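Residues per chain, in single letters:
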2 protein chains.
Amino acid sequence: MSGSGLPEGLPMAVPAGGLPAEVRIHEVGARDGLQNEKTVVPTSVKAEFVHRLAGAGLRTIEATSFVHPKWVPQLADAAELVPQLADLLADPALRLPVLVPNQRGLERALELGVREIAVFGSATESFARANLNRTVDESLAMFEPVVARARAEGLRVRGYLSMCFGDPWEGPVPIGQVAGVARRLHAMGCTELSLGDTIGVATPGHVTALLAELTGGGVPVEQLAVHFHDTYGQALANTLAALQQGVTVVDASAGGLGGCPFAKSATGNLATEDLVWMLHGLGIRTGVDLVRLSATSVWMAEQLGRPSPSRTVRALTHQEQ
Amino acid sequence: MSGSGLPEGLPMAVPAGGLPAEVRIHEVGARDGLQNEKTVVPTSVKAEFVHRLAGAGLRTIEATSFVHPKWVPQLADAAELVPQLADLLADPALRLPVLVPNQRGLERALELGVREIAVFGSATESFARANLNRTVDESLAMFEPVVARARAEGLRVRGYLSMCFGDPWEGPVPIGQVAGVARRLHAMGCTELSLGDTIGVATPGHVTALLAELTGGGVPVEQLAVHFHDTYGQALANTLAALQQGVTVVDASAGGLGGCPFAKSATGNLATEDLVWMLHGLGIRTGVDLVRLSATSVWMAEQLGRPSPSRTVRALTHQEQ
């Protein structure tokens, strides 16, 4: 095995039939990851993190969130961070979406030159209430003018849909209920839907069934992304099932940021490195340099003062010792 | 979510097409797991562990190894342990294989009433040399009389084949080379072959290709088992690929025993609990009670003085706090 970086010649690329040739990774570490870490990271470190992610070949990097600082103090510096990413925002090969909760957030993002946004919806009433203090209907009504204005400005708009498989209050979530909310976000003008397994309980057959319901109901598979959490270790198996259904956009978090392995609050984002190992092993192009990405996650773990929960990062790091 | 045990109604069972209705889990925690832990566990604790595994519904439990104590001091008490499992050995619903390296080990196992054995081969010359101090040919020659005598005694014989996907010295391992050694073990009389990804580098297309090569070459899929390590987080995605090829026997280690998450020596066995979560989510029967199994792994982690690396065990444990 090589002493630095990847084991020589590994992962061995053995394509499987019926899978996409290329996958776009939607990197969420800087937003979803850092939002769920206890440590508040300085703005300059965040800016360096996003630059390093771009340097590792990631082409879609969700940068931050314009939610009220009271709710997400970790990302209270969104308006300071975005100007530090001006060089990346100007790069036509890069996409740097930001999360906006409402029209005020959208206006702030537009002023700073953001060209892509995301809104964050829920498939369940319980989580809509807990996260947005609204019913599902009220939250969709709140998003509608945001999406309309963003689209009128020529922006891409991603619609996150959380609790698509299970909900901590409601248990299993019926596929028809999820598909109903998803179709409303799509009809509203969202250019992409990200189907979130927020508590990590999904299994591959459930993923296949939900995707079939949505594509059968008129949402093109090109507009669907999957967002899995590794809480029960299922994220990569679920990703494989989604790829087999034709999904080509997969969310992941560098180093598994946002999911400390031994913390009760673990959200367990799928680690981008674990995802890239599988995709490259399947001969699927991502544009990502796995060694540089892993080094970035080790660097960020040092900023946070704890090891990365990504198995691939740990394995590559142990090799280097 | 329920305060004790499984989140209510989860995992939700949503079967996928083309998968087996039932999977036999070959539980390796007491042998492969404990063999790779630093802590040497007292014989009475091992006996209790195997009994608890059986109590959790596992029906194939690899109990120990009759290798020379010099090589595996953790399992030096094999001859003391087996008599403490007499009640389980007498149960026709249970299978308790033990690893034997040679004829001397087989004779000791037979004297103690063992009814099923395993031999441990390698797909690569480098690992055959490192692990057995023999060439691949020499190791097969050593196994031949062992397998013949065991079969003559009416025993089932499992042939482990390690380094089936990558090797730490040789890098990627050609599929034809693996299939060649596998066919020789099969022709020798092994009733089951366990294809091991000893360093955890496999990806799903590679798994599919190797299985296709073997079944196309005359080894019935019913006689094939898969043994994945989670070193790079790929074990469960690889398992899904194997199920899609018709494999119905999957090796796993309760609580992920044998793979300490932050140790350099991590071998990263697939955790039985993570496997069971996926299988039950797919509506595949295993006979395992996930809550009882998880409690067993928590108990064993206490004996070892460190948390379980299984994500499912951690998630279920955190819920209970």
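Residues numbered from 1 in each chain as written. Chains lettered and ligands numbered in written order. Predicted model: local features only at pLDDT ≥ 70, side-chain atom pairs only at ≥ 80, totals over all residues. Heavy atoms only, no water.

Going by the annotation in an unreviewed UniProt entry, the name recorded for chain A is Hydroxymethylglutaryl-CoA lyase, with Actinacidiphila guanduensis given as the source organism. What UniProt records for chain A under Sequence similarities (unreviewed entry) is the sentence "Belongs to the HMG-CoA lyase family." (UniProt positions renumbered as here; feature names shortened; annotations may be inferred.)

Novice: With reference to specific residues and values, describe the interface of chain B and chain A.
Specialist: With 52 residues of chain B in contact, the opposing surface of chain A contributes 52 residues. Where chain B meets chain A, there are two salt bridges. B:Asp230 is the salt-bridge partner of A:Arg311, the closest N and O atoms lying 3.7 Å from each other. On inspection of chain B and its partner chain A, the count reaches eleven residue pairs in polar contact (both at pLDDT 80 or more). Those elements giving two or more residues to the side of chain B that touches chain A turn out to be strand S7 (171-172), helix H9 (204-216), helix H10 (235-244), helix H11 (272-281) and helix H13 (311-320) of chain B. (Contact = heavy atoms within 4.5 Å. Salt bridge = Lys/Arg side-chain N within 4 Å of Asp/Glu carboxyl O. Polar contact = N/O pair within 3.5 Å; in protein donor to acceptor, adjacent residues only side chain to side chain. Helix = DSSP H or I, 4+ residues; strand = E, 2+ residues; numbered from the N terminus.)

Novice: Describe the sheet that holds strand S9 (residues 224-228) of chain A, listing the residues and the values that go with them.
Specialist: Residues and elements named next belong to chain A. The eight strands lie next to each other as S2-S1-S10-S9-S8-S5-S4-S3, forming an open sheet whose pairing is parallel. Of all the strands in the sheet, the pair left with one neighbour each is strand S2 (60-61) and strand S3 (98-99). Strand direction decides the pairing type here: strand S1 (residues 24-27) and S2, joined by two bridges, are parallel. Bridge pairing links Glu27 to Ile61 in S2. Most of the contacts of helix H7 (residues 136-152) go to strand S4 (residues 116-122), to which it runs at about 170°, and overall it touches S4 and strand S5 (156-162). (Pairing = 2+ DSSP bridges. Axes fitted to C-alpha atoms, helices over the stretch in contact; angles between N-to-C directions.)

Novice: Lay out the packing of aromatic side chains with the relevant residues and their values.
Specialist: Residue and element names in this part refer to chain A. In this structure the tally under the stated criterion is six aromatic pairs over all chains. Taking the centre distance of 5.5 Å and the plane angle of 45° together, the rings of Phe120 and Tyr160 count as tilted. Taken together, the positions of Phe120 in strand S4 and Tyr160 in strand S5 put the pair 40 residues apart, joining distant regions of the chain. With relative accessibility at 22%, the residue Phe120 sits in the partly exposed group. Of the residues examined, Tyr160 reaches a relative accessible area of 3% and is grouped as buried. (Phe/Tyr/Trp six-rings, centres within 6.5 Å; stacked < 30°, edge-to-face > 60°. Buried < 20%, exposed > 50% of the residue type's maximum accessible area, 1.4 Å probe, protein only.)

Novice: So what's going on with the sheet that holds strand S4 (residues 116-122) of chain B? Residues and values would help.
Specialist: All names here are of chain B. The eight strands lie next to each other as S2-S1-S10-S9-S8-S5-S4-S3, forming an open sheet whose pairing is parallel. Sheet topology places strand S2 (60-61) and strand S3 (98-99) at the edges, where each strand pairs with a single neighbour. Direction of pairing for strand S8 (residues 192-197) relative to strand S9 (residues 224-228): parallel, over a ladder of five bridges. Residue Ser194 lies in a different strand from S9, and its bridge partner there is Ala225.

Novice: Tell me about the nonpolar core, residues and numbers included.
Specialist: Membership of the largest hydrophobic core comes to 210 residues, with the highest contact counts inside it found for A:Ile117 and B:Ile117. Beyond its immediate stretch of four places on either side in the chain, A:Ile117 contacts A:Val98, A:Val100, A:Leu106, A:Val146, A:Ala150, A:Leu155, A:Arg156, A:Val157 and A:Arg158. (Core = buried A, V, L, I, M, F, W, Y, C linked by side-chain atoms within 4.5 Å.)

Novice: So what about the pattern of salt bridges? Which residues, and what values?
Specialist: In a structure, side chains of opposite charge can pair up when their charged atoms sit close to one another. All names here are of chain A. Evaluated as defined, the whole model comprises 28 salt bridges over all chains. The shortest N-O distance in the salt bridge between Asp251 and Arg158 comes to 2.7 Å. With Asp251 in strand S10 (residues 249-252) and Arg158 in strand S5, this residue pair connects regions lying 93 residues apart in the sequence. Using a relative accessible area of 1% as the deciding quantity, one classes Asp251 as buried. Relative accessible area serves as the criterion here: at 1%, Arg158 is assigned to the buried category. Here the salt bridges share partners, and the residues they tie into one network are Arg24, Arg158, Glu192 and Asp251.

Novice: I'd like a rundown of unusual backbone geometry, residues and numbers included.
Specialist: Following A:Leu10, the chain continues to A:Pro11 via a peptide bond in cis, the omega torsion being -10°. Among the secondary structure elements, A:Pro11 is positioned in the segment before S1. Even without a glycine there, the phi angle at B:Asn133 is positive, about 55°. Looking at the element boundaries, B:Asn133 is found in the loop between helix H6 (125-132) and helix H7 (136-152). In this structure B:Asn133 comes out as exposed when scored by relative accessible area, which is 56%. Despite not being glycine, B:Met163 shows a phi value in the positive range, around 60°. Along the chain, B:Met163 falls in the loop between strand S5 (156-162) and strand S6 (166-167).

Novice: How would you explain the packing of helix H11 (residues 272-281) of chain A against helix H12 (residues 290-304) of chain A if you had to name every residue and give the values?
Specialist: Residues and elements named next belong to chain A. As a packed pair, H11 and H12 sit with axes 10 Å apart at the nearest point and diverge in direction by 165°. On the basis of their axis angle, the class for H11 and H12 is roughly antiparallel. Where H11 crosses over H12, the two elements pack in a sense that is left-handed. On H12, the residues that touch Thr272, Glu273, Val276 and Trp277 of H11 are Leu290, Leu293, Ser294 and Ser297. The residue makeup of the contact of H11 with H12, split by class, is four nonpolar, three polar and one charged. (Parallel < 35°, antiparallel > 145°, perpendicular 65-115°, else oblique. Left-handed = near helix turned anticlockwise from the far one by under 90°. Nonpolar A, V, L, I, M, F, W, Y, C, P; charged D, E, K, R; others polar.)

Novice: Go over helix H2 (residues 43-55) of chain A with me, naming the residues and quoting the values.
Specialist: Residue and element names in this part refer to chain A. The terminal C-alpha atoms of H2, which comprises 13 residues, lie 18 Å apart, in line with the 18 Å expected from a rise of 1.5 Å per residue. Residues Thr43, Val45, Lys46, Ala47, Phe49, Val50, Leu53 and Ala54 constitute the buried set of H2. Buried residues along H2 sit against S1, helix H1 (29-35), S2, helix H3 (78-81), helix H4 (86-89) and H12. Remark: Gly57 follows H2 within two positions and exhibits a positive phi of approximately 105°. (Expected span 1.5 Å × (residues − 1).)

Novice: I'd love a proper account of helix H5 (residues 103-111) of chain A, names of residues and values included.
Specialist: All names here are of chain A. Every buried residue of H5 is listed here: Gly105, Leu106, Ala109 and Leu110. An end-on view of H5 places all buried positions within 135° of arc, on one side of the element. Along H5, the residues that are exposed and aim more than 90 degrees away from the buried face are Arg104 and Glu111. The elements touched by buried residues of H5 are S3, S4 and H7. Measuring from the side-chain oxygen of the N-cap residue of H5 to the backbone nitrogen of Arg104 gives 3.3 Å; that N-cap residue is Asn102. A positive backbone phi angle near 90° is found at Gly113, which sits one or two residues after H5. (Arc of directions from axis to C-beta.)

Novice: Let's hear about the relation of the copies chain B and chain A: which residues, and what values?
Specialist: Aligned on chain A, chain B shows an RMSD of 0.0 Å; the corresponding rotation is 180° and the shift along the axis is 0.0 Å. The relationship between the two copies is best expressed as a two-fold rotation axis. When C-alpha positions in chain B are compared against the rotation axis, the closest is assigned to B:Ala237, at 2.0 Å. Taken together, the interface assignments show that 100% of the residues at the interface of chain B recur at the interface of chain A, consistent with an identical surface on both copies. (Least-squares fit on C-alpha atoms with pLDDT ≥ 70 in both.)

Novice: Could you give me a rundown of the side chain of B:Asp197, with the residues and numbers involved?
Specialist: Structurally, B:Asp197 is set in strand S8. Put simply, B:Asp197 is tucked away with no salt bridge, and the nearest opposite charge, on A:Arg311, sits 12 Å away. With residues up to four places along the chain from it excluded, the contact list for B:Asp197 reads B:Phe165, B:Ala202, B:His227, B:Phe228, B:His229 and B:Asn238. (Lys, Arg positive; Asp, Glu negative; His and termini not counted.)

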